[in-house]
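# Examining the three-dimensional arrangement
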Amino acid sequence: MGEEKRRAPRAPLDVRVNFSFNAFAYAKDISEGGICLITESALEMNQILNLSFLLPEREAALQCFGKVTWSRQATEHFHESGISFWDIKDSDRAAIGDYVRSAVSV
(Lines give C-alpha, C1' and ligand atoms only; values in the text may rest on other atoms or scores of the structure.)
Protein backbone atom coordinates (compact mmCIF):
# COMPACT_ATOMS: atom_id res chain seq x y z
CA MET A 1 0.00 0.00 0.00
CA GLY A 2 1.29 3.51 -0.90
CA GLU A 3 2.42 6.00 1.69
CA GLU A 4 -0.12 8.72 2.51
CA LYS A 5 1.22 12.08 1.26
CA ARG A 6 -1.65 14.28 2.39
CA ARG A 7 -0.95 16.71 5.19
CA ALA A 8 -4.57 17.48 6.07
CA PRO A 9 -7.75 15.41 6.32
CA ARG A 10 -10.00 15.46 3.27
CA ALA A 11 -13.76 15.35 2.99
CA PRO A 12 -15.88 14.35 0.00
CA LEU A 13 -17.29 17.33 -1.85
CA ASP A 14 -19.69 17.16 -4.79
CA VAL A 15 -20.09 20.70 -6.12
CA ARG A 16 -19.52 22.48 -9.41
CA VAL A 17 -16.37 24.62 -9.52
CA ASN A 18 -15.74 27.50 -11.90
CA PHE A 19 -11.98 27.29 -12.45
CA SER A 20 -11.13 29.71 -15.23
CA PHE A 21 -13.21 32.07 -17.35
CA ASN A 22 -16.41 30.02 -17.10
CA ALA A 23 -14.69 26.65 -17.42
CA PHE A 24 -16.33 24.22 -15.02
CA ALA A 25 -15.23 21.10 -13.16
CA TYR A 26 -16.65 19.03 -10.34
CA ALA A 27 -15.02 18.70 -6.97
CA LYS A 28 -14.22 15.23 -5.67
CA ASP A 29 -12.86 16.16 -2.24
CA ILE A 30 -11.41 19.06 -0.30
CA SER A 31 -9.05 19.89 2.57
CA GLU A 32 -7.82 23.14 4.10
CA GLY A 33 -4.85 22.88 1.74
CA GLY A 34 -6.55 22.11 -1.56
CA ILE A 35 -9.23 20.53 -3.69
CA CYS A 36 -9.41 17.62 -6.15
CA LEU A 37 -11.18 18.49 -9.41
CA ILE A 38 -12.66 16.23 -12.07
CA THR A 39 -12.42 17.66 -15.59
CA GLU A 40 -12.98 16.47 -19.14
CA SER A 41 -9.45 17.42 -20.20
CA ALA A 42 -6.13 17.39 -18.40
CA LEU A 43 -5.01 20.49 -16.54
CA GLU A 44 -1.44 21.72 -16.94
CA MET A 45 0.99 21.15 -14.08
CA ASN A 46 1.71 24.35 -12.14
CA GLN A 47 -1.16 26.16 -13.90
CA ILE A 48 -2.74 28.84 -11.69
CA LEU A 49 -6.55 28.65 -11.59
CA ASN A 50 -9.08 31.21 -10.42
CA LEU A 51 -11.49 29.06 -8.37
CA SER A 52 -15.05 29.87 -7.35
CA PHE A 53 -17.35 27.38 -5.58
CA LEU A 54 -19.93 26.96 -2.84
CA LEU A 55 -19.54 24.80 0.21
CA PRO A 56 -22.72 23.01 1.29
CA GLU A 57 -24.95 25.15 3.53
CA ARG A 58 -23.07 28.34 2.61
CA GLU A 59 -24.63 31.18 0.66
CA ALA A 60 -21.51 33.03 -0.49
CA ALA A 61 -19.10 31.50 -2.99
CA LEU A 62 -15.49 30.98 -1.97
CA GLN A 63 -13.07 32.58 -4.39
CA CYS A 64 -9.38 31.89 -4.43
CA PHE A 65 -6.45 30.97 -6.61
CA GLY A 66 -5.07 27.45 -6.79
CA LYS A 67 -2.06 25.77 -8.38
CA VAL A 68 -2.27 22.41 -10.17
CA THR A 69 0.08 20.08 -8.28
CA TRP A 70 -0.81 16.79 -9.97
CA SER A 71 -3.03 15.51 -12.78
CA ARG A 72 -3.93 12.04 -13.99
CA GLN A 73 -6.36 10.26 -16.28
CA ALA A 74 -9.15 8.90 -14.05
CA THR A 75 -11.34 7.18 -16.63
CA GLU A 76 -11.57 7.08 -20.40
CA HIS A 77 -13.30 10.48 -20.45
CA PHE A 78 -12.26 12.25 -17.24
CA HIS A 79 -9.15 13.55 -15.49
CA GLU A 80 -8.49 14.23 -11.81
CA SER A 81 -6.27 17.07 -10.71
CA GLY A 82 -4.99 18.10 -7.30
CA ILE A 83 -5.17 21.83 -6.75
CA SER A 84 -3.24 23.44 -3.89
CA PHE A 85 -4.84 26.63 -2.60
CA TRP A 86 -2.46 29.43 -3.57
CA ASP A 87 -4.18 32.62 -2.46
CA ILE A 88 -7.18 32.20 -0.14
CA LYS A 89 -8.74 34.39 2.55
CA ASP A 90 -8.22 33.17 6.11
CA SER A 91 -12.01 33.20 6.65
CA ASP A 92 -12.54 30.93 3.61
CA ARG A 93 -9.79 28.53 4.74
CA ALA A 94 -11.48 28.43 8.18
CA ALA A 95 -14.86 27.69 6.54
CA ILE A 96 -13.28 24.82 4.60
CA GLY A 97 -11.70 23.50 7.80
CA ASP A 98 -15.08 23.61 9.57
CA TYR A 99 -16.71 21.78 6.64
CA VAL A 100 -14.01 19.08 6.57
CA ARG A 101 -14.13 18.51 10.33
CA SER A 102 -17.94 18.22 10.31
CA ALA A 103 -17.88 15.86 7.29
CA VAL A 104 -15.19 13.51 8.62
CA SER A 105 -16.70 13.33 12.14
CA VAL A 106 -20.09 12.08 10.87
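For the structure itself, consult the block above.
Below is a short write-up of the structure. Not measured: the values here are computed from a predicted model. (Residues numbered from 1 in each chain as written. Predicted model: local features only at pLDDT ≥ 70, side-chain atom pairs only at ≥ 80, totals over all residues. Heavy atoms only, no water.)

When you go through the protein chain residue by residue, the secondary structure sums to 1 helix and 7 strands. What you see for the protein chain is a C-alpha radius of gyration of 13 Å, in line with the 13 Å of a compact globule of 106 residues. Over its C-alpha atoms, taken along the principal directions, the protein chain stretches across nearly 40 × 35 × 20 Å. A total of 106 residues make up the protein chain; the buried ones form 36% of that total. When contacts within the protein chain are restricted to residue pairs at least 6 apart in sequence, those whose partners lie at least 24 apart make up 46%. For the protein chain, the exposed area adds up to about 7000 Å²; of that, 50% sits on carbon and sulfur atoms. Counting 12 positive and 15 negative side-chain charges, the protein chain places the averaged centre of each group 4 Å from the other. (Helix = DSSP H or I, 4+ residues; strand = E, 2+ residues; numbered from the N terminus. Rg over C-alpha atoms; globule rule 2.2 N^0.38 Å. Buried < 20%, exposed > 50% of the residue type's maximum accessible area, 1.4 Å probe, protein only. Contact = heavy atoms within 4.5 Å. Areas by Shrake-Rupley, 256 points an atom, 1.4 Å probe, with all protein chains shown as cover. Lys, Arg positive; Asp, Glu negative; His and termini not counted. Charge placed at Lys NZ, Arg CZ, Asp CG, Glu CD.)

This part takes up the pattern of salt bridges. Applying the stated criterion to the full structure yields 6 salt bridges. Among the ionic pairs, D29 bridges to R10, the shortest N-O distance being 3.0 Å. Of the two residues, D29 sits in strand 3 (residues 23–30) while R10 sits in the segment before strand 1 (11–12), which places them 19 residues apart along the sequence. Under the relative-accessibility criterion, D29 is labelled buried at 11%. What you see here is one network of salt bridges that share partners, running through K28, R72 and E80. (Salt bridge = Lys/Arg side-chain N within 4 Å of Asp/Glu carboxyl O.)

It is worth spelling out the packing of aromatic side chains at this point. Throughout the structure, instances matching the rule amount to 0 aromatic pairs. The cationic tip of R16 hangs over the ring face of F24; the distance from NZ or CZ to the ring centre is 3.7 Å. (Phe/Tyr/Trp six-rings, centres within 6.5 Å; stacked < 30°, edge-to-face > 60°. Lys NZ or Arg CZ within 6 Å of the ring centre and 35° of its normal.)

Limitation: the analysis is restricted to geometry and does not speak to function.
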